[in-house]
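# What the coordinates show
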Amino acid sequence: MSACVPTRDDHTSRSSRPPRASGIKRTHSPPPPPRGRRFRVSGNNLSASITVFLIAVPMSLGLAVAMDAPLEAGLVSAAIGGIVAGLLGGAPLQVSGPSAGLTVVTAELIQIYGWRTTCAITIGAGLLQILLGSLRAARSALAVSPAIVHGTLAGIGVAIALAQLHIVLGSTPQSSVLDNALSLPAQLTQLSPAAPLIGGLTVALLVLWPRLPGRIGLMVRRIPAALAAVAIATAVAAVATPGIARVDLPSWSSHALPELPQGSAAALATAVLTVMLVASLESLLSAVAVDKLAADRAAAPPKDGTTPATPVKRSDLDRELRAQGVANALAGMFGGLPVSGGAVRSSANVRAGATGRSATVLHGLWVLLAAMLLVAALEWIPLAALAALVMVVGIQMVSFAHIRNVHKHREFPVYGATITGVILAGVLKGVAIGIAVAVVIALHRLARTRITVSKREGRYVVTVRGQLTFLAVPRLSRTLGRLPQGADAVVELDGFFMDHAAYETIQEWRTSQIALGGRIVFTGRSGGRIGEPASAAHSCCRPWTPWRNHHCHDRSEHTIESAASTATASTAAPAPTAASADRRGAHWLLRGLSSFQRTTAPLVREELARLAAEGQRPSQLFITCADSRLVTSMITSSGPGDLFTVRNVGNLVPLPEEEGESSDDSVAAAIEYAVDVLKVESITICGHSGCGAMQALMGGAPDAPRTPLWRWLRHGLPSLDRMKSRHHTWARISGRLPADAVEQLCLTNVVQQLDHLRAHDSVARRLAAGTLQLHGMYFHVGEAQAYLLTEGESSGTGPDEVFARVAPGPEPGTEPSWDPSRGPGPELTAELAPELALERTPQPCGPPVRAAHAVPGTAVDA
């Protein structure tokens, strides 16, 4: 086991859980499913199954038309994919059916081998999927570059769109993509109005239906766009063009079943491999996308006071691959099209509110019933409408978001080569071309390293662009050797890989330069210093986050003993006794100080020296609780000199007159010093969940002995009275009421202490002058989530007490999620409680808290 594993924390988290039989309710976890009822049908799953069924029927028929396969084969695959893959699959919310990605491949196989042999090839692909799933190869399939995968799907989408465009125009598609493209001008000169009219109407409805405005549009949009487009186009065709070509479902008695394949063994093996590869990649990528959609839905706040979505377990990709193999084997055996997980059907399933596999299975049952009972109705559908539907699906497979993403990662040549190869040479050859181009580009990037030297402000700047491997060591050594001995230099490394040979070269040069009096600094591309010592690079304890896995100091007693001996030898104080050295607190303190001096002090020494010379100039005063679980430097990403911090039991701010009576002026003195001397621009009061001070106030008896702790807690009695008063609304947190009375008091206490803060003369003067802002904050310890009090209450001008959830911010170097000068951002506005029916748009609580660096246990960190 790695020494970096925080075993103490893990053990504590497990042991702190109440046993199942204890009767203690777990407030932040979904209720366990009833035993013995794995397959449950809820109202959400039933409605979602109907929605997906209404999308799957026209799409299955349209894909069968696009492949020139028997139309009933699409319904067979939809039913088997829904029932079999739904019951056995590892992605409960994924909906399987006829594969859009295999449209071109299947159409080519039918032309070469015929329908019955194609069914046998589908069986072989399914058996191969079962084998790969049993060997746990699903994750390995995702190792293919995303540019190759998206390029393959985009090439297939182009081929689908060109072929179906001919059917929309009233003609028959050609055998290849190039033939379809070359024959298109001639087809445009021989148009018959019926098919283009119905196809154009279908495309227009598919595009405009999700964008219908107004309340009527909101109600109408609940009908799937695919169903609405095909139904309206069918009705229009029945009236305007009765002679148009329509769906022709033959009798099930004439349904063709597979036969033993005939042909070259190598060609048949290639066909099986191609079907397996495309179907597997499409299914696995769809499963990953469904996981993301389900996670986003579970993380989103509930609407209209509904119950939050239950988190869905992450997909088991190996199990999903095996289930897809079983579905394909059965589909081929019963004369169906190849099956794969579909992004269109699966995303519709998630958005319709499905919570389990019952929605997928029910959708398959509805398709089966429709294939047996609704044949007469399905035969009214025009082929042009189905072709238009599949054409739009093909166009959507060319995603501009994917193109932007691969371009951002400099993978567009791979994407372009793959899509070109798929269009011109076929799927399997196109994938091979994409892989070859990706390998060539990777080798080129690995071998291409640029090393330049310049001089800025009296120092040499060595810039290294690319990866530092042994191939670049001769050039690197020559360049570094040309610099004057003992000169100051900055080495800017712009790459993500350095092998051992390059590392040794740089280290030897750095050591010799420092020995001759030079000063060497390593920076990244953005100019930030790379100052972490080599010994710390392989350590769990990171210099700027000493709280993370801080028990890793316990791994080496030798380190502690050597640190203790060094500390003793360097001071005049007597050596500690053996008994004192064994004390737990002394060990922790010494280890923490030793770790700070080893890892963090070298990084902050220059900054602290600057602060020592210039003095502190914090921009904010941060008043929070002394609870040891509230690590303010962690939750606010703080550093030295950022904030002036006050910590006490219960984050209380006594009223000025009460301060005089109790002769306890510590908090008032800190406020006066921060406001009048340091000229801070804002003050934040931060409460937290599970506050012991608030629990003591809730359970305090009137006749309790007046200890020093109770005399301090009496400053929180106004918060208790405010919570019980009918003249104040209860605080809300992220669109909901507090979980219990203690949480309500924790929130109310923040609001009440802001009122106490306004009673201080120094604060009142600055507020009147408009040079000071007050903010309220609440931190939920168990969820590691911060909430900010909306500005109406924190400024004392509004009746609402709403704590809005702070969403994760952008990556460094990107635009902030919201700017206080422009009003609220989407993260804050979306989290406000809908039941409050606010007439105004809540504003954020001023500038975000930058930092709060304090030592727990001290009253004031000046």
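Residues numbered from 1 in each chain as written. Predicted model: local features only at pLDDT ≥ 70, side-chain atom pairs only at ≥ 80, totals over all residues. Heavy atoms only, no water.

A few words now on the overall build of the protein chain. Per the secondary structure count, the protein chain includes 37 helices and 14 strands. Considering the protein chain as a whole, with its 862 residues, one finds that 45% of them fall into the buried category. Pairs at least 24 apart in sequence give 75% of the contacts found in the protein chain among residues at least 6 apart. As presented, the protein chain carries roughly 43500 Å² of accessible surface, and 61% of it is formed by carbon and sulfur atoms. (Helix = DSSP H or I, 4+ residues; strand = E, 2+ residues; numbered from the N terminus. Buried < 20%, exposed > 50% of the residue type's maximum accessible area, 1.4 Å probe, protein only. Contact = heavy atoms within 4.5 Å. Areas by Shrake-Rupley, 256 points an atom, 1.4 Å probe, with all protein chains shown as cover.)

As a further point, take a nonpolar patch on the surface. Taken together, the side chains of L365, L368, L369, M372, L373 and L374 define a hydrophobic patch exposed on the protein surface, amounting to about 550 Å² of accessible area. Mapped onto the elements, L365 comes out in helix α16 (residues 357-373). (Patch = residues over 30% accessible without salt bridge, like charges linked within 9 Å, V, L, I, M, F, W, Y side chains within 5 Å. Salt bridge = Lys/Arg side-chain N within 4 Å of Asp/Glu carboxyl O.)

Another point: the pattern of salt bridges. Inspection of the entire model under this criterion finds 11 salt bridges. A salt bridge links R722 to D755, with the shortest nitrogen-to-oxygen separation between them at 2.8 Å. A residue pair is termed long-range when its members are at least 10 positions apart, and R722 in helix α33 (residues 717-724) and D755 in helix α34 (residues 741-758) qualify at 33 residues. The class for D755 is partly exposed, based on a relative accessible area of 28%. What you see here is one network of salt bridges that share partners, running through E607, R610, E614 and R617.

Below, the discussion takes up helix α12 (residues 225-240). Within an α-helix, residues lying three or four positions from one another point in the same direction, as the helix has 3.6 residues per turn. End to end, α12 covers 22 Å across 16 residues, agreeing with the expected 22 Å (1.5 Å per residue, within 8%). Residues A225, A226, A228, A229, V230, A233, T234 and A237 constitute the buried set of α12. Where α12 is buried, its residues touch α2 (43-67), α10 (194-208) and α18 (383-396). (Expected span 1.5 Å × (residues − 1).)

Now for the packing of α2 against helix α3 (residues 71-88). For the pair α2 and α3, the least separation of the axes is 7 Å and the interaxial angle reads 130°. Judged by the inter-axis angle, α2 sits oblique to α3. Along this stretch, α2 crosses α3, giving a crossing that reads as right-handed. Along the contact surface, α2 presents V57, S60, L61, A64 and V65, while α3 presents L71, G74, L75 and A78. Per-class residue counts for the contact of α2 with α3 are seven nonpolar, two polar and no charged. (Axes fitted to C-alpha atoms, helices over the stretch in contact; angles between N-to-C directions. Parallel < 35°, antiparallel > 145°, perpendicular 65-115°, else oblique. Left-handed = near helix turned anticlockwise from the far one by under 90°. Nonpolar A, V, L, I, M, F, W, Y, C, P; charged D, E, K, R; others polar.)

So, about the packing of helix α30 (residues 666-677) against helix α35 (residues 761-769). Interaxial distance between α30 and α35 falls to 9 Å at its minimum, and their mutual angle equals 30°. α35 is crossed by α30, and the crossing has left-handed handedness. For the pair α30 and α35, contact is made by I671, E672, V675 and D676 and by S762, V763, R765 and R766, respectively.

Moving on: the pairing of strand β5 (residues 489-494). Within a regular strand, side chains alternate between the sheet's two faces. Of all six residues in β5, six are buried; the element is thus mostly enclosed. Of the two faces of β5, both are covered, the one formed by A489, V491 and L493 as well as the one formed by V490, E492 and D494. The pairing of strand β4 (residues 459-465) with β5 spans six bridges and is parallel. Counted as the bridge partner of V462 is V491 from β5. Here four bridges tie β5 to strand β6 (residues 520-523), and the two strands are oriented parallel to one another. Looking at the pairing, A489 lines up with I520 of β6. (Pairing = 2+ DSSP bridges.)

Here we come to the sheet that holds strand β3 (residues 450-456). Across the sheet, four strands lie side by side as β3-β4-β5-β6; this open sheet has mixed pairing. Of all the strands in the sheet, the pair left with one neighbour each is β3 and β6. Taken over all neighbouring pairs, the strand axes of this sheet differ in orientation by 20° on average, direction set aside. Packed on one face of the sheet, helix α23 (residues 500-515) meets β5 and β6 and runs near 145° to β6.

Further remarks concern the confidence of the model for the protein chain. The share of residues in the protein chain with pLDDT of 70 or more is 76%, and the mean pLDDT across the chain is 76. Taken together, the stretch residues 1-37 has pLDDT below 50 and engages in 18 contacts with residues farther than four places along the chain or on a different chain. Residue range residues 813-862 is modelled with pLDDT below 50. Its contacts to residues more than four positions away, or to other chains, number 114 contacts. (pLDDT = per-residue confidence, 0-100.)

L61 and I121 are the most contacted members of the largest nonpolar core, which totals 74 residues. Ignoring sequence-local partners within four residues, the contact set of I121 consists of L109, Y113, L268, A271, V272 and V275. (Core = buried A, V, L, I, M, F, W, Y, C linked by side-chain atoms within 4.5 Å.)

Counting buried residues along β4, five of its seven residues qualify, which places the element largely inside the surrounding structure. Both β3 and β4 contribute to a ladder of seven bridges, which runs antiparallel. The residue of β4 that forms the bridge with V453 is V462. Adjacent in sequence and paired antiparallel, β3 and β4 are bridged by two residues, among which E457 carries a positive phi angle near 50°. A crossover connection joins β4 to the parallel β5 through helix α22 (residues 473-481); in handedness this β-α-β unit is right-handed. (Right-handed = clockwise from strand over helix to strand, strands pointing away.)

Take α34 next. The end-to-end C-alpha distance of α34 is 26 Å, a good match for the 26 Å that 18 residues give at a rise of 1.5 Å each. Most of α34 is tucked away: 15 of the 18 residues are buried. The opening residue of α34, the one whose side-chain oxygen lies 3.3 Å from the backbone nitrogen of V742, is D740. (Polar contact = N/O pair within 3.5 Å; in protein donor to acceptor, adjacent residues only side chain to side chain.)

In this section: the packing of aromatic side chains. Applying the stated rule across the entire model yields four aromatic pairs. Between Y778 and Y787, the ring centres sit 6.2 Å apart and the planes meet at 45°, which makes this aromatic pair tilted. Relative accessible area serves as the criterion here: at 4%, Y787 is assigned to the buried category. Between the aromatic rings of Y778 and F803, the centroid separation amounts to 6.4 Å while the plane-to-plane angle is 70°, which identifies the pairing as edge-to-face. (Phe/Tyr/Trp six-rings, centres within 6.5 Å; stacked < 30°, edge-to-face > 60°.)

Once that is clear, we can look at unusual backbone geometry. Phi is positive for S637, which is not a glycine, with a value near 50°. Counting through the fold element by element, S637 comes out in the loop between α28 (632-635) and β8 (643-648). Overall, S637 belongs to the exposed group, its relative accessible area being 62%. Its identity is not glycine, yet K679 carries a phi of approximately 60°, on the positive side. Considering the arrangement of structural elements, one finds K679 in the loop between α30 and β9 (682-688).

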